[in-house]
Structure formats: C-alpha cells, structure tokens
Amino acid sequence: MYNGMMISIIGYKNHSIRLQNILSKMGVDAHLWNHNTDNFSDVINSDAIVIASPNDTHINYIKKILNKTSAYVFCEKPPVTNLKDLEYLNNLSDDKKERMFFNFNYRFSDLPQMIEKYEYMIGKPVHFNFISSHGLALKDSFENNWRFTTDDDLMGVYGTVAVHYIDLCLWLLGECIETNVHKSNFSNSKTADSISIDMKFKNGCTVNIFVSYVTPFINKSDLIFDNAIFELDDGKLNLYEPRESFDDNGNFVKPYGRCISNFDKSKHYYDNSIGRALSFFVDIVKNKNKFSIDDFQISMETNKILINNLRGIND
C-alpha cells in the first residue's frame with residue numbers, strides 16, 4: 001500500500017518503537033534513528049520524519065528538517081517548551097506549516113468521534129472532567145527516566161499527559177478564557193508528579209483535568225452535556241441520555257446508559273487513536289496533500305496555554 005515510502009523516526013526506544021510497530025502493521029517501513037549517535041544525513045532523503053525524542057529537543061529537529069529537507073514532519077506533543085520557540089513556529093510560512101503534523105492523537109479517538117455522531121441529541125457542553133493516573137514515578141526502574149531527572153515540568157506528567165486533555169478540550173470547545181494550574185509533588189521527582197487544571201471556555205463549559213504519576217491506576221473521563229453524559233472508563237465508552245429521565249415518583253434519575261465503544265483497556269483505546277493519527281498522516285504524505293493550518297493553530301494555542309500557565313502567566 002505504501003511501497004517506496006521512506007519514513008524515519010527520531011528516537012530509539014519506548015514510544016519510538018511503539019510508533020514503528022504501528023507503522024509496520026500499516027505496511028509502512030519506518031526506520032529508527034538514534035538521536036544520540038546517528039548522523040542526521042541518514043534521514044535527509046526521507047519522505048517523512050517522525051520526531052519522537054524528548055520534548056526539549058523537538059525544535060532543533062523541526063528546524064533541521066524544514067531547512068535541510070522537503071520531508072513532512074510528524075512531531076510528538078508538545079511541539080515546543082518555551083515561548084521563543086513557539087513564536088518561531090507561529091512565524092513559519094504557510095507552506096511549511098502545511099508540512100507539519102503535531103500528534104495530539106486524542107483528536108482521533110472515539111470520544112470526539114462519538115460526540116460528533118450524537119451531536120444532534122446531546123445538547124450543549126456543561127462540564128468535562130478527566131482523570132489519568134498511575135504510579136510510574138514510584139517505580140525503581142524509572143528512577144533515571146528523562147521525565148524525572150529534569151526540573152522542567154513540561155517534560156513530566158504536565159507536558160506529556162495533561163497536554164492531551166488541554167488540546168482535546170480546545171478541539172471540542174473552542175476558545176479558552178481562563179486556566180489555573182495546581183502542581184504537587186509526592187515523590188522524589190524533580191518535576192511535579194501530580195497536576196490539577198481548571199479551565200473555563202467562552203461557551204460557558206468548565207473543565208477539570210487531573211493527571212498524576214503516583215496513584216493507583218485510573219483512566220476516566222466524564223463529559224456532561226445538558227441532555228447527555230459521555231462516560232469513558234478504562235477504554236469503555238458509555239452514553240447516558242436523556243436528561244428527562246425519572247423514577248416512578250417523578251424524581252430525576254441517571255438516564256439509561258448504553259455502550260457505544262468498547263476497548264478492553266485504556267491502553268488499547270489510546271493505541272487506536274495513535275494508529276488513526278498515523279494513518280491520517282501517512283495518507284497525507286502518500287498523496288502529497290497539505291495539513292490544515294487551522295489544525296496547526298489549535299496546536300499552537302494548546303502549546304501556549306501549557307507554557308503560559310506553567311510560568312504563572314495569564315493573558
């Protein structure tokens with residue numbers, strides 16, 4: 001299906017291997033490039049280059065790829081880790097922006113797809129709540145992982161997990177008018193290992209996001225609309241509706257629920273969204289099409305919110 005296409009992945013373990021395996025199942029031959037030891041000239045002739053290295057290295061590879069190659073760019077989130085580098089991306093010409101895809105893969109997950117499918121009946125968004133947590137920071141095997149040896153919170157749970165939910169809310173709800181971030185540390189990590197984020201959107205919807213690396217596993221989302229509730233729990237998505245649901249005495253009760261998407265665990269739900277994001281990317285590359293500048297700008301706004309609120313800036 002994708003014969004002759006050359007894709008290189010900047011990275012050599014963990015998530016890079018996951019991306020390589022997904023691409024392989026799609027029939028794409030993707031080669032790992034070790035950013036610690038290999039020569040950049042090895043990837044110059046690639047049709048596309050995937051940046052799956054640590055967050056603070058993204059900008060240097062983006063500049064190299066855009067300046068030295070004609071390749072498409074697939075870059076893991078967040079795009080950059082400071083406002084100066086964000087300004088660089090915002091000032092790129094349209095033709096370069098149209099070559100770039102940032103992997104906010106929750107946009108491709110079942111939740112936004114089902115919201116779109118049932119939009120005619122769910123009503124207006126009122127409140128979204130997201131929890132994603134497990135005990136990674138307390139595992140001895142991860143003591144020297146780059147997420148915990150840096151003092152930059154953009155490299156930890158804030159910049160690697162919370163960013164997904166910030167972006168998904170911008171994708172679904174539009175303009176955010178207020179954001180507050182609360183950080184905690186319950187381990188020996190140099191970065192915050194637990195984050196709570198409160199957001200308010202122009203359309204009136206409020207959001208709470210909690211992510212952590214120090215608790216028992218939980219992966220749960222409740223998206224409350226004025227006529228329905230989407231409940232995602234460890235890969236299983238239920239829809240409850242309508243609001244006008246009553247018991248025999250005329251009291252409000254929780255509406256009847258039905259399963260509208262079912263993965264056996266949240267990891268498979270997540271992997272499915274990555275697969276869809278990669279498939280979307282590869283098809284654009286294969287057909288030599290352009291990525292949406294509007295989608296690019298949502299990625300920039302997500303990145304801006306992430307950086308500004310980490311530094312205590314509100315605008």
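Look above for the structure.
Residues numbered from 1 in each chain as written. Predicted model: local features only at pLDDT ≥ 70, side-chain atom pairs only at ≥ 80, totals over all residues. Heavy atoms only, no water.

Is there a simple way to explain the environment of Glu 119 in this structure?
With respect to the element layout, Glu 119 can be found in helix α6 (residues 119-122). For Glu 119, a relative accessible area of 56% puts it in the exposed group. Residues Glu 119 and Ile 293 lie 174 residues apart in sequence; the distance between their C-alpha atoms is 25 Å. (Helix = DSSP H or I, 4+ residues; strand = E, 2+ residues; numbered from the N terminus. Buried < 20%, exposed > 50% of the residue type's maximum accessible area, 1.4 Å probe, protein only.)

Mind showing me how you'd approach the sheet that holds strand β9 (residues 206-212) here?
Strand pairs in the sheet, formed through backbone hydrogen bonds, run parallel or antiparallel to each other. One open sheet holds the eight strands; their spatial order is β7-β8-β9-β6-β10-β11-β12-β13, and the pairing between them is mixed. For this open sheet the edge positions go to β7 (176-184) and β13 (257-262), each flanked by a neighbour on one side alone. Between one strand axis and the next, the sheet turns through 10° on average, direction left out of account. Here strand β6 (residues 125-133) pairs with β9 via seven bridges, running parallel. Looking at the pairing, His 127 lines up with Thr 206 of β9. The sheet contacts of helix α10 (residues 293-310) involve β7 and β8 (194-201), and relative to β7 the element is tilted by about 50°. (Pairing = 2+ DSSP bridges. Axes fitted to C-alpha atoms, helices over the stretch in contact; angles between N-to-C directions. Contact = heavy atoms within 4.5 Å.)

Just to check I follow, could you spell out the pairing of strand β2 (residues 30-33) for this structure?
Working note: regular strand, side chains alternate between the two faces of the sheet. Bridging between strand β1 (residues 7-10) and β2 involves four bridges; their strand directions are parallel. Paired with Ile 9 across the two strands is Leu 32, which belongs to β2. Of the crossover connections in this fold, the one passing from β1 over helix α1 (residues 15-25) to the parallel β2 is right-handed. (Right-handed = clockwise from strand over helix to strand, strands pointing away.)

Help me understand the side chain of Ser 273 in this model?
Checked against the element boundaries, Ser 273 lands in helix α9 (residues 266-286). At a separation of 2.6 Å, a polar atom in the side chain of Ser 273 contacts the main-chain carbonyl oxygen of Tyr 270. Contact partners of Ser 273, with chain neighbours within four places excluded, come to Asn 105, Phe 108 and Ser 109. (Polar contact = N/O pair within 3.5 Å; in protein donor to acceptor, adjacent residues only side chain to side chain.)

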